[in-house]
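# Chains, contacts and geometry: an overview
Now for the letters of each chain:
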Amino acid sequence: MIPFQYVKPSKPKAAIDTVAKDQTAMFIAGGTNLVDLMKRGVMTPEKLVDINKLPLRKIERENGNVRIGALALNGAVAEDKLVMEKHPLLSQALNAGASAQLRNMATVGGNIMQRVRCPYFYDTAMPCNKREPGTGCGALQGFNRMHAIFGHSEKCIAVNPSDMNVALVALDAVVLVSGPKGDRKIPFAEFHRLPGDTPQIHTNLQQGELIMAVEIPENPYTKHVHYLKVRDRTSYAFALVSVAAALDMDGSTIKSARLAMGGVAHKPWRLNEAEQFLAGKTANEATFRQAAEIAMRGAKAFEHNKFKLQMGPNTIVQALKNAAGAV
Amino acid sequence: MDRVDSRQKVTGAAKYSAEYELPNMAHGILVGSTIAKGSIKSIDTKRAENAPGVLAVLHYQNSPKVPGYAQEAHPTEPKPAGKPLQVFIDNQIHFNDQPIAIVVADTLERAVYAARLVKVQYNVDEHATDFDKNVPKAFLPTAAKRNPKHGLNDYTRGKEDAYKNEALKIESEYVIPTEFHNPMELQSIIAHWEAADKLTVYDKTQAVIGTQNAFAKDWKIPVENVKVIATFVGGAFGNGLHTWPHETAAIIAAKKVNRPVKLMLTREQMFTMVGYRPHAWQKVGMSATKDGKITAITHEAIGQTSTYEEFTESTLQQTRMMYTSPNVTTRYRILPLDVSTPIWMRGPGEATGAFALESAMDEMAYVLGIDPLEFRLINHTDKDPEKNLPWSTKYLKEAMQMGAEQIGWSKRQLKPGQVKNGEWLVGYGMGVGTFGANRGRAKVKATLHKDGTLVMQSATTDIGPGTGTAMVQIAAQNLGLPPEKIVFELGSSLYPPSPSQGGSATVATVGSAVHAVCQTLKQRIAGMVAGNADTSFKGATVENLTFKDGYVSVTASPSARLSFADVLKQQNLPELEVTEESSPDASLRSKYSMYSFSVHFAEVQVHPLTGQVRVTNMVACADAGTIINAKTAGNQMIGGAVGGLGMALTEGGVIDHRFGRYVTKDFAEYHVPVHADAPNISAAFVNKPDLINNPNGTKGIGEIAIIGVAPAIANAIFNATGKRIRELPITPDKLMMV
């Protein structure tokens, strides 16, 4: 491991100032991703600012919103009463991620910041525009079974690996950020980026900006929700395709829907058009199949991930069926 | 009985090779090549050498020479043709991530950091790592070419390829990807030169004596000057059968820096430096009569090897002896690629072969419209049709019956896709496994102490099956001494020799030597009490004595008894030491065919939309002779079933052929099964002795625990869905029905 400095401030401002003025500094919380990347030599921060002393662990209700501190642990959020009551979709998505051990270390803020799991990104002997701009995308002509079918570019076809993010984008979450220039709120759908020509830029966060909390507005999706993750093994594997589905039902009629996919794009992939289609329709397999077809418009696969063009809509249909049937 | 070392293992008291701390110990990290073929043009180590704490950076230009670098350094038998990779001898690159330098530093962190600073430039040659594209390069192994009687030669019983002319037949191709052993414990060694010609290694190995011999040869020092310690081994599955380049790299480094050097591979290096189950292509042609009698089988296989060694395995052996077919043809070839050499992985060869043969059996049964269990019973053979010899024992039919009842085979429908559980499609499948009931030669020393306790020693290892526990039980039963008074010490070259722990042979091999020392001990005790003129023991022999609970008594008058401790006391002996060697009886081995047998049943559910598979129940039944310990034997069967589940559903190595480099080399990319994948698994044993094989009546379990599992699951998936998947692993993308 490359030698680095380590500081552990107790005030957010001190943490933010340290990282803001030092391009080689990074925040560290649970460390479940960053430490791995440092061990592999993929990321080489010269200074780690440990934020675990900051008071950012609370999960609370504020004006109807559920506000989750950036340092709340994934495991704690998944089991939190308020979250399970108000946003069971988030609880399901969290429990679908990683392993119990990791969920007990990983934080909500860290999960949002999680890097791609592309094997070319992880191997410093391989080309990767995200790790080393200009070296090319190893996956484009290489092994791309786990890769994107939406929103990719010639420069990068990796996917955002988080399950939590898929639920948060479906639930219209907002990321509360504090930085050297003050506080701001970033809608979840605008937090992550598509790779475009600059895949090395992972999110829209600026140097020194720190995630303080995530806020989820009140919504009616407390009952008919389902997070369905299809993967190569039953636990501790990243999604081939995952779907977060939430329905507000009136009898068999869908009043409104929320739908997002994971494992298909460089950011959690919200399916707005499919949601609009579902509103007012009768909940049945034919409706779900039509919504899935709308959702898949514009998908483009590569050599090893063509199956996602079939698995994607199938998983949408199944997630909607499960959500509609859930009580 | 519980494992004798379970407390040590669960409390962390058990010490594995990398856990030893020696004074002044340094740490080594290997630098791997980043090309698959070519040569090193230049290697710049200046920055690494100048980094803090670095003691040496060794590579082909400056490495101390290994004086006797053996042309064949394998402890394994039979030795593969070619020669093992020798580290730091020249600038040639034979595979990607080949160890090309070792960085030694005073701490692990400093060694890791400095290893990143080594800069290497290459002359790149065109590599070949793509199996499919290089199939025409496959050839008959040299061992077979040299010896027409070698088992790897083409084989024909009856007419060659007779299935081709039959009406009712199948012909299918099967592929398994490269799979990796990935035991929990990383391959590790501490190399310590205690004197210029005296080497001690704390080494992760399955072969204590083989490793000792290999290093003695390498360094041209007397065998007794090499001490190998492997008291605990945290799993191995076969990749501890070899001595590997990293071990020699550590020994070279220790020589150079004149300090003990610890080297532990990284998880990524476990995918490139210590072998794997080779990628294999197979084809099976089979024909049968309408009423289910197999008329012909042809089974062909090509297995991957490296360019510098010919690794072979007995992929096709079972096809020659498993079923009654009058016509059988087998052809085995190997395909050299620019990759590292494979090594036997649990159920080597047979597990690969069984996937093809047992899938083909299911396919044939389906064509015939016969239940697959019934089909196997029709073609069951009561003698070995290859060798034309009787079996020493074979209780496969009993095992099949036990398993079929436990899984509820009667619920199975002949036609696929008929049984549902909600949306999920339910299916049942089976697969048979077999492996030679091997036995080798081993020596055990036993010392009966004056307090009545017994300590036995032998240089075998325990990679997880519970060897010490089984040996204690065998001694307890044979000597009539409570197990808590017996200790079995293993994993050190200071003990009498035993072979490597491999080929499911340890209990038959070492257990026979334990049996032998116990017989000798009893005779010595009998001799001592017989000379005791004052008692009813006078003139006693082993035959009319009873040995029980640590006491010896005359069977006819059991009231007069002497504890073993008192026997020694009477003789004024501080201890009684005997050493016995035991080997198989060659003449018996020529009169019988000896195999273990297993049968695996699986119940699976498949989701028609998402292709997700749930294995909901598994039953593993074995004919493995006498079961010494039901718990540890059950552990082996269950562990093997989980390994087979991984083979069937989740595990597979992928190379990006543009770079000849693996893209699956951690536990995120290479999926070993997790608890959530493993269903309830029941293990059951016929538990009838094979006394022709050895005096304890045992046959091996480790290999048959996995052989036949993958086809059982694949066949169950076919029964659930009607989809026949012939390339492993069977991931969800292969099973969507909509």
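### Comments concerning the domain arrangement of chain B
All names here are of chain B. Per the domain assignment, the segments of chain B are domain 1 (380-439 + 586-738) and domain 2 (442-583). Distance between the C-alpha centres of domain 1 and domain 2: 37 Å. Contacts between domain 1 and domain 2 engage 17 residues on the former and 19 residues on the latter. Summing both partners gives a buried area of about 1,300 Å² for domain 1 against domain 2, and 51% of it is carried by carbon and sulfur. Looking only at domain 1, the three residues that lose the most surface to domain 2 are Arg439, Ile628 and Asn696, adding up to 44% of its buried area. The interface formed by domain 1 and domain 2 contains zero salt bridges. Seen at the junction of domain 1 and domain 2, the total is 10 residue pairs in polar contact (both at pLDDT 80 or more). Elements with a contribution of two residues or more to the side of domain 1 that touches domain 2: strand S21 (424-436) and helix H16 (630-650). When grouped by side-chain class, the residues that make up the side of domain 1 that touches domain 2 number four nonpolar, 11 polar and two charged.

### Quick look at unusual backbone geometry
Residue and element names in this part refer to chain B. Omega for the peptide link from Leu728 to Pro729 comes to -5°, which places this bond in the cis form. The residue Pro729 is located in the segment after helix H17 (709-721) in this model. Its identity as a non-glycine residue notwithstanding, Asn182 has a phi of 45°, on the positive side. Looking at the secondary structure, you find Asn182 in the loop between strand S9 (169-176) and strand S10 (188-195). Backbone geometry at Phe237 places phi at a positive 60°, although glycine is not the residue there. Within the fold, Phe237 resides in the loop between strand S12 (226-229) and helix H7 (245-257).

### Quick look at the domain arrangement of chain A
Once the domains are mapped, chain A shows domain 1 (5-52) and domain 2 (224-325). A separation of 36 Å is found between the C-alpha centroids of domain 1 of chain A and domain 2 of chain A.

### Digging into the packing of H16(B) against H17(B)
All names here are of chain B. Contact geometry of H16 with H17 gives a least axis separation of 7 Å together with a crossing angle of 55°. Of the possible angle classes, the one that applies to H16 and H17 is oblique. For the element pair H16 and H17, the recorded crossing hand is right-handed. Counted together, Gly640, Ala641, Gly644, Leu645, Met647, Ala648 and Leu649 of H16 and Val709, Ala710, Ile713 and Ile717 of H17 form the full contact between these two elements. Looking at the contact of H16 with H17, its residues break down into nine nonpolar, two polar and no charged.

### Quick look at the interface of chain A and chain B
With 40 residues of chain A in contact, the opposing surface of chain B contributes 36 residues. Roughly 3,200 Å² of surface becomes buried between chain A and chain B when both sides are summed, with 57% attributable to carbon and sulfur atoms. Connecting chain A to chain B are six salt bridges. There are 17 residue pairs in polar contact (both at pLDDT 80 or more) connecting chain A and chain B. Breaking the side of chain A that touches chain B down by element, the ones donating at least two residues are helix H2 (34-39), helix H8 (119-122), strand S9 (224-231) and helix H13 (308-325) of chain A. Looking at the side of chain A that touches chain B, the element that brings in the most residues is H13(A), giving seven residues. The class makeup of the residues in the side of chain A that touches chain B is 19 nonpolar, 10 polar and 11 charged.

So, how was this worked out
Residues numbered from 1 in each chain as written. Chains lettered and ligands numbered in written order. Predicted model: local features only at pLDDT ≥ 70, side-chain atom pairs only at ≥ 80, totals over all residues. Heavy atoms only, no water. Domains from an automatic or database assignment. Contact = heavy atoms within 4.5 Å. Buried area = accessible area lost by both parts, 1.4 Å probe. Salt bridge = Lys/Arg side-chain N within 4 Å of Asp/Glu carboxyl O. Polar contact = N/O pair within 3.5 Å; in protein donor to acceptor, adjacent residues only side chain to side chain. Helix = DSSP H or I, 4+ residues; strand = E, 2+ residues; numbered from the N terminus. Nonpolar A, V, L, I, M, F, W, Y, C, P; charged D, E, K, R; others polar. Axes fitted to C-alpha atoms, helices over the stretch in contact; angles between N-to-C directions. Parallel < 35°, antiparallel > 145°, perpendicular 65-115°, else oblique. Left-handed = near helix turned anticlockwise from the far one by under 90°.

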